[in-house]
There are 2 protein chains.
Amino acid sequence: MAAMDDIDSAILEHLQRDARITNRDLARALGIAPSTCLERVRALRNRGVLTGYHATVDLAALNRRVQALVFLQIRPLSREVIESIKSYVAGLPEVLSVYVVAGGDDLVAHVAVQDVEQLHSMLMDRFSPRREVVTFRSSIIFQHVSEPVVSPLDDV
Amino acid sequence: MAAMDDIDSAILEHLQRDARITNRDLARALGIAPSTCLERVRALRNRGVLTGYHATVDLAALNRRVQALVFLQIRPLSREVIESIKSYVAGLPEVLSVYVVAGGDDLVAHVAVQDVEQLHSMLMDRFSPRREVVTFRSSIIFQHVSEPVVSPLDDV
DNA sequence: GCCCGCACCGAATCTCGTGCGGTGACTCGG
DNA sequence: CCGAGTCACCGCACGAGATTCGGTGCGGGC
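Being a predicted model, the structure only gives us computed values, none of them experimental. (Residues numbered from 1 in each chain as written. Chains lettered and ligands numbered in written order. Predicted model: local features only at pLDDT ≥ 70, side-chain atom pairs only at ≥ 80, totals over all residues. Heavy atoms only, no water.)

Asker: Go over the protein's contact with DNA strand C, please, and point to the residues and values.
Answerer: If you check the shell around DNA strand C, you find A:I32, A:A33, A:S35, A:T36, A:R40, B:T22, B:N23, B:R24, B:P34, B:S35, B:L38 and B:R42 and nothing else. Of all DNA strand C atoms lying within 4 Å of any protein atom, the proportion belonging to sugar or phosphate reaches 71%. Here a base oxygen of DNA strand C and a side-chain polar atom of A:S35 are 2.8 Å apart. A distance of 2.6 Å separates a phosphate oxygen of DNA strand C from a polar atom in the backbone of B:N23. (Near = heavy atom within 4 Å. Polar contact = N/O pair within 3.5 Å; in protein donor to acceptor, adjacent residues only side chain to side chain.)

In structure tokens:
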């Protein structure tokens with residue numbers, strides 16, 4: 001993996017904050033020529049550093065006013081079973097994000113639904129019937145803050 | 001909140017998938033004129049439905065190869081204490097996301113650090129000293145899949 | 001000291017964004 | 001049934017931006 005200098009870091013910071021900034025403005029903010037800037041952004045994409053540009057949407061506007069974390073215990077804990085249940089959960093329309101974790105629980109799902117009733121239905125209809133899900137519990141999310149900008153950590 | 005029709009939903013889907021799509025291409029994909037498309041996108045922003053455009057970055061490229069969920073118990077559970085610890089945790093550079101939840105734990109932090117050693121240091125240096133954090137435990141994240149596109153849920 | 005590679009720049013061209021006036025459909029009162 | 005008002009949409013035109021390409025300076029290797 002090629003090294004990243006300060007300009008690359010600044011590019012990433014700007015694009016994480018506002019992915020629709022024009023190349024022109026980005027170049028101006030960095031003090032380099034637009035053509036150079038374009039080349040660097042393209043290189044970051046090709047290197048796999050920049051993985052995508054995504055709009056974020058207000059969940060309430062999408063009829064999803066209730067969020068929860070669902071913690072699942074999976075058995076047996078084989079690679080195949082984990083892969084399969086992970087794909088299944090991630091594919092559910094109510095699910096925003098899935099974590100495969102170590103510790104007391106094996107899977108954590110971040111879900112967003114219309115109301116608590118729908119949360120309950122979803123748990124009963126989609127999680128309970130699965131044999132590999134031996135148990136699960138849910139925590140309603142009161143607040144969720146997400147940092148849009150991730151900076152590189154310096155080597156020790 | 002104004003109603004959303006199929007075209008609005010399609011706009012949201014496209015922009016969530018690729019926030020840098022040109023207005024022209026977006027309009028073409030929807031079968032409407034670019035000027036109309038522009039107007040609708042602007043309306044979605046003004047209504048607060050579209051909240052932002054963000055580039056996503058490969059965490060490994062930023063020297064963050066280890067992720068974990070950290071579950072915190074907070075006492076006393078007053079509004080002020082929760083607000084304050086939430087802001088503190090969200091402001092830490094290692095933290096990607098913070099959930100304030102109901103249930104056995106009160107706060108869940110999604111952190112991304114360079115290695116397990118740094119995770120340990122972080123827990124010891126940043127969480128342990130806080131008086132309001134009565135206990136915490138961490139779960140290493142093996143995999144994390146995040147759905148980039150969120151669709152509206154139909155009313156029941 | 002010379003050569004080569006690399007990153008950067010500036011100009012030219014081509015595409016795109018965006019405001020404006022016009023137009024058709026739909027609604028509602030007469 | 002008809003006419004006016006409203007609203008979303010469209011096409012056009014102009015300004016702004018994206019992207020390419022040839023040129024340039026600098027630093028490392030020999």
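Asker: Lay out the sheet that holds strand β3 (residues 95–101) of chain A with the relevant residues and their values.
Answerer: Pairing within the closed barrel is antiparallel, and its eight strands lie in the order β2(A)-β4(A)-β3(A)-β5(B)-β2(B)-β4(B)-β3(B)-β5(A). Direction aside, the axes of adjacent strands within the sheet are offset by 35° on average. Here β3(A) runs beside strand β5 (residues 133–146) of chain B; their pairing, made up of five bridges, is antiparallel. Bridge assignment links A:V101 to a residue of β5(B), and that residue is B:I141. Most of the contacts of helix α5 (residues 116–127) of chain A go to strand β5 (residues 133–146) of chain A, to which it runs at about 145°, and overall it touches β2 (66–74), β3, β4 (107–113) and β5 of chain A. Of the strands in this sheet, β2 (66–74), β3 (95–101), β4 (107–113) and β5 of chain B are in contact with helix α5 (residues 116–127) of chain B, which crosses β5(B) at around 145°. (Pairing = 2+ DSSP bridges. Helix = DSSP H or I, 4+ residues; strand = E, 2+ residues; numbered from the N terminus. Axes fitted to C-alpha atoms, helices over the stretch in contact; angles between N-to-C directions. Contact = heavy atoms within 4.5 Å.)

Asker: Just give me the short version of the protein's contact with DNA strand D, but keep the residues and values in it.
Answerer: Around DNA strand D, the neighbouring residues are A:T22, A:N23, A:R24, A:S35, A:L38, A:R42, B:I32, B:A33, B:S35, B:T36 and B:R40. Sugar and phosphate atoms constitute 66% of the interface atoms of DNA strand D, taking the interface as everything within 4 Å of the protein. Residue A:R42 places a side-chain N or O atom 3.1 Å away from a phosphate oxygen belonging to DNA strand D. Only α2 (23–30) and α3 (34–46) of chain A together with α3 (34–46) of chain B provide two or more residues apiece to the surface near DNA strand D. Residue classes in the surface near DNA strand D are distributed as three nonpolar, five polar and three charged. (Nonpolar A, V, L, I, M, F, W, Y, C, P; charged D, E, K, R; others polar.)

Don't take any of this as a statement about function, it's just geometry.
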